Amino acid sequence: MKRVFIIVLDSLGIGEEPDAPLFGDKDCNTLQRISGSDKFRFDSMKRMGVGNIDGQDYLPSEKKPLAAVARLQERSMGKDTTIGHWEIAGVVSPAPLPTYPDGFPDEVIKEFEAATGRGVLCNKPYSGTVVINDYGEEHIKTGKLIVYTSADSVFQIAAHEDVVPLEQLYEYCRTARKILRGKHAVGRVIARPFITVDGKFVRTANRRDFSLLPPAETLLDALQKDGKTVYAVGKINDIFAGQGVTKHVITHGNTEGMKVALDALDLDFEGLCFVNLVDFDMLYGHRQDVDGYAAAFSEFDFWLPSFTAKMKEDDVLIITADHGCDPGDSHTDHSREYVPMIMYGKNINPVNLGTRRGFCDIAATAAEYLDSTYRGDGVSFLSDVIKPTKTEKELCKSAYEAMKNSYAPYSGFNVGAALMCKNGKVYTGCNTENAAFGPSVCAERTAVFKATSEGEREFTMLAVCGGKGGVIKGLCPPCGVCRQVLREFCPDDFPVLIMKSKTTFIKKTLGELLPLSFKPDNIK
Ligand code: THU
């Protein structure tokens, strides 16, 4: 049963992206910043190979890392939680979510006032605790709603629970959510209820977030459609407005989030467990607390082996982040940074993938691993990291052996193929050339025709390799004619192993190799 665990260390960036100056974030590096603290512990993450990731030269590297690693650059034009998580889940946002440093425009406020029948107070960026002090009395007297924003893309409504009943406040938020569309599609509308305690205004735990729905199909949606579990832990359910989530737990801080993630390993499910650890960002990044951030990182570093030790054969863990929030830079806001991608599992080779463009490669990779119908953004790197199965290894070996029989005196290029039948039998083939050139036949077709002439019709996998003098050289993807011959018998998801060496390959489906193809169905 295949399971993918994605753990987002909220705001753990690993260095400025090339366009960071555009975001006011030159020279930021969250991980580097906290690595200077006495509270910084770097044991498990070192073993994983975090020090080997591009640009992390200030950290000790690892000779024999345990995980596949990469540095990921954000394709979306933003540096907020919502956009970062959407991209991890496969949706790239070309424009940032709107922010309102001067308050919301008249058109928005007027429409909101008309729809709620209440006036609006404040309408500026404001601290949440100060805003209720400054406007609370007037709100009680007039019944007007306190509307305020922040550096984030948020429309926040504060109201006293005795003046506006909770359900009513939530309804006003839903109203705002409907108004805030198009160019005013803010990331979140937030209900901020408060009460009076000992003559003072204090906020209650009845805060509620109304997030923007992801603008396109995410990995979560696809997995849900595929009938798999999507288990959201922490803020994840909120960030996706519950869309694509089949089960969720809200947590209060990193420690609880890690516990819930660990417990999730004991649950029986196939699919995704998507965890967000928010303290890094909320408690330490925004508050410029370098030591606090380092201590939280160390807690995670200490916890990590307890998680990996419990992982089952087919479990895959991906650790990443959604943006940066350098606690030692010049501002309290997020920072435009690369994020780490650390992929660990018994099936995963510890390859260094360098720098890749798009957090969404995580979605594509997780989707491929989980055999999902996901078709969103991102390029899967699964074939670069996945360890071959026993069957795949054996099939590659057969193809390699077959290559030795290649008769190719004219091109000097030897090709071997091995075709696996549903009943487990393997038919091999090599290319056989001819002095008249035209009658030459490829290795793959030879394998197919050998099989069909023995009565076989159902095939499950093909391996192919090519090279010179018995040595594999580069890739030998099946030619167009061979693809068309395979198409006659094999479905879209039929796997083709295009070998890079005796034991490594990239895996493509026939659907990828021959999209929109002519097949038996077309002439029915
Ligand atoms: N070849 C194959 O056997 N399979 C392919 O899919 C591509 C090409 C052979 C045909 C020829 O003998 C040699 O490679 C050079 O084109």
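A brief report on the enclosed structure follows.

Cut-offs applied
- Numbers given for residues are sequential positions, taken from 1 along each chain in its written order.
- Given that this is a predicted model, residues contribute local features only at a pLDDT of at least 70 and side-chain atom pairs are listed and counted only at 80 or more, while totals for whole chains, interfaces and linings are drawn from all residues.
- To obtain the side-chain values, all non-hydrogen atoms of the structure were included, while hydrogens and water were left out.
- For this analysis, a ring pair means two rings from Phe, Tyr or Trp (six-membered ring only for Trp) whose centres lie within 6.5 Å, classed as stacked if their planes differ by under 30 degrees, edge-to-face if by over 60, and tilted for the remaining angles.
- Under the scheme used here, helices are H or I runs from DSSP no shorter than 4 residues and strands are E runs no shorter than 2 residues, and both carry numbers assigned from the N terminus.
- Relative accessibility thresholds used throughout: buried, under 20% of the residue-type maximum; exposed, over 50%; partly exposed, between the two (1.4 Å probe, protein chains only).
- Here, a charge over a ring means that NZ of Lys or CZ of Arg falls within 6 Å of the ring centre while also lying within 35 degrees of the ring normal.
- In this scheme, strands are said to pair when DSSP sees at least two bridges between them.
- A fitted line through C-alpha atoms serves as each axis, taken over the contacting stretch for helices, and the angle formed by two N-to-C directions is quoted from 0 to 180°.
- Think of a nonpolar core as a cluster: buried Ala, Val, Leu, Ile, Met, Phe, Trp, Tyr and Cys residues, connected wherever their side-chain atoms sit within 4.5 Å.
- The length a helix should cover is 1.5 Å for every residue beyond the first.
- Note that bend, as reported per residue, equals the angle between axes fitted to the 7 residues terminating at that residue and the 7 residues originating from it.
- Working rule for contacts: check all heavy atoms of both residues, and any pair within 4.5 Å makes them a contact.
- Note that the term roughly parallel is reserved for angles under 35 degrees, roughly antiparallel for angles over 145, roughly perpendicular for angles of 65 to 115, and oblique for everything else.
- Note: crossing handedness is left-handed where the near helix turns anticlockwise from the far helix by less than a right angle, and right-handed where it turns clockwise.
- Amino acid classes used here: Ala, Val, Leu, Ile, Met, Phe, Trp, Tyr, Cys and Pro are nonpolar; Asp, Glu, Lys and Arg are charged; the rest, including Gly, are polar.
- Throughout this document, a residue counts as near a molecule or strand when at least one of its heavy atoms sits within 4 Å of that molecule or strand.
- Polar contacts here mean pairs of N or O atoms no more than 3.5 Å apart (in protein, one a potential hydrogen donor and the other a potential acceptor; neighbouring residues in sequence count only if both atoms are side-chain atoms).
- Shrake-Rupley sampling with a 1.4 Å probe provides the accessible areas, and residues are treated as covered by the protein chains on show and by no other component.
- Criterion for a salt bridge: a side-chain nitrogen of Lys or Arg within 4 Å of a carboxyl oxygen of Asp or Glu.

## Remarks on the packing of aromatic side chains
- Counted by the stated rule, this structure contains 16 aromatic pairs.
- On the basis of an interplanar angle of 55° and a centroid distance of 4.7 Å, the ring pair of F104 and F155 is categorised as tilted. Note that F104 is positioned in the loop between α3 (81-88) and α4 (106-116) and F155 in strand β5 (residues 154-160), a separation of 51 residues in sequence. Each member of the pair, F104 as well as F155, carries the same accessibility label: buried.
- For the pair Y410 and F437, a centre-to-centre distance of 5.6 Å together with 50° between the ring planes defines the contact as tilted. Residue Y410 is located in the loop between α14 (390-403) and β15 (414-421), and its partner F437 is located in the loop between β16 (426-430) and α15 (443-453); the two are separated by 27 residues in the primary sequence.
- Relative accessible area serves as the criterion here: at 42%, Y410 is assigned to the partly exposed category.
- Members of the aromatic cluster, joined through ring pairs, are F5, F269, F300, W303 and F307.
- The ring of F269 carries the charged tip of R3 above its face, separated from the ring centre by 5.1 Å.

## A word on the sheet that holds strand β9 (residues 229-233)
- The strand order β10-β9-β11-β1-β12-β13-β2-β14 describes an open sheet built from eight strands, whose pairing is mixed. Of all strands in the sheet, those with a lone pairing partner are β10 (247-249) and β14 (352-357), marking the two edges. Neighbour-to-neighbour, the strand axes of this sheet turn through a mean angle of 15°, independent of strand direction.
- Where strand β1 (residues 3-9) and strand β12 (residues 315-320) come together, six bridges link them in parallel fashion. Bridging from a neighbouring strand, V4 pairs with V316 of β12.

## A closer look at the nonpolar core
- In terms of nonpolar packing, the biggest core is built from 91 residues, with M45, F300 and M343 touching the most fellow members.
- The biggest single contributor to this core is helix α11 (residues 290-310), with eight residues.
- Counting 23 residues, the second-largest nonpolar core is a separate cluster that includes L145, V147, I157 and V189.

## So, helix α5 (residues 128-142)
- In this model α5 runs 20 Å from its N-terminal to its C-terminal C-alpha over 15 residues, within 8% of the 21 Å that 1.5 Å per residue would give.
- A maximum bend of about 55° is found in α5 at Y135.
- When we look at burial in α5, the residues that qualify are G128, V131, I132, Y135, G136 and H139.
- Of the surrounding elements, those touching the buried residues of α5 are β3 (120-125), β4 (145-149), β5, β6 (188-197) and β7 (200-203).
- Two residues or fewer after α5 comes G143, characterised by a positive phi angle close to 80°.

## A few points about the packing of α4 against helix α6 (residues 166-179)
- As a packed pair, α4 and α6 sit with axes 10 Å apart at the nearest point and diverge in direction by 140°. For the element pair α4 / α6, the angle class is oblique. Here α4 and α6 pass one another in a crossing that is right-handed. Residues V108, E111, F112, A115 and T116 of α4 pack against Y172, T175, A176 and I179 of α6.
- Looking at the contact of α4 with α6 residue by residue, the class counts come to six nonpolar, two polar and one charged.

## Remarks on the site of the ligand
- The environment of the ligand is made up of S411, F413, V415, N431, E433, C442, A443, E444, P477, P478 and C479.
- Contacts to the ligand include E433, whose side-chain N or O atom sits 2.4 Å from an oxygen atom.
- The protein chains hide 77% of the 370 Å² of surface that the ligand would expose on its own.
- Along the lines of polarity and charge, the residues of the shell around the ligand split into seven nonpolar, two polar and two charged.

## Things to note about the pattern of salt bridges
- According to the stated counting rule, one finds 27 salt bridges in the structure shown.
- For R336, the salt bridge goes to E74, with nearest N and O atoms at 3.7 Å. In this pair, R336 is assigned in the loop between β12 and β13 (339-344) and E74 in the loop between β2 (68-73) and α3, connecting sequence segments 262 residues apart.
- Relative accessible area serves as the criterion here: at 2%, R336 is assigned to the buried category.
- Taking the relative accessible area as the measure of exposure, E74 reaches 2% and is therefore buried.
- Of the charged contacts in the structure, one is a salt bridge between D384 and K500, with a shortest N-O distance of 3.7 Å.

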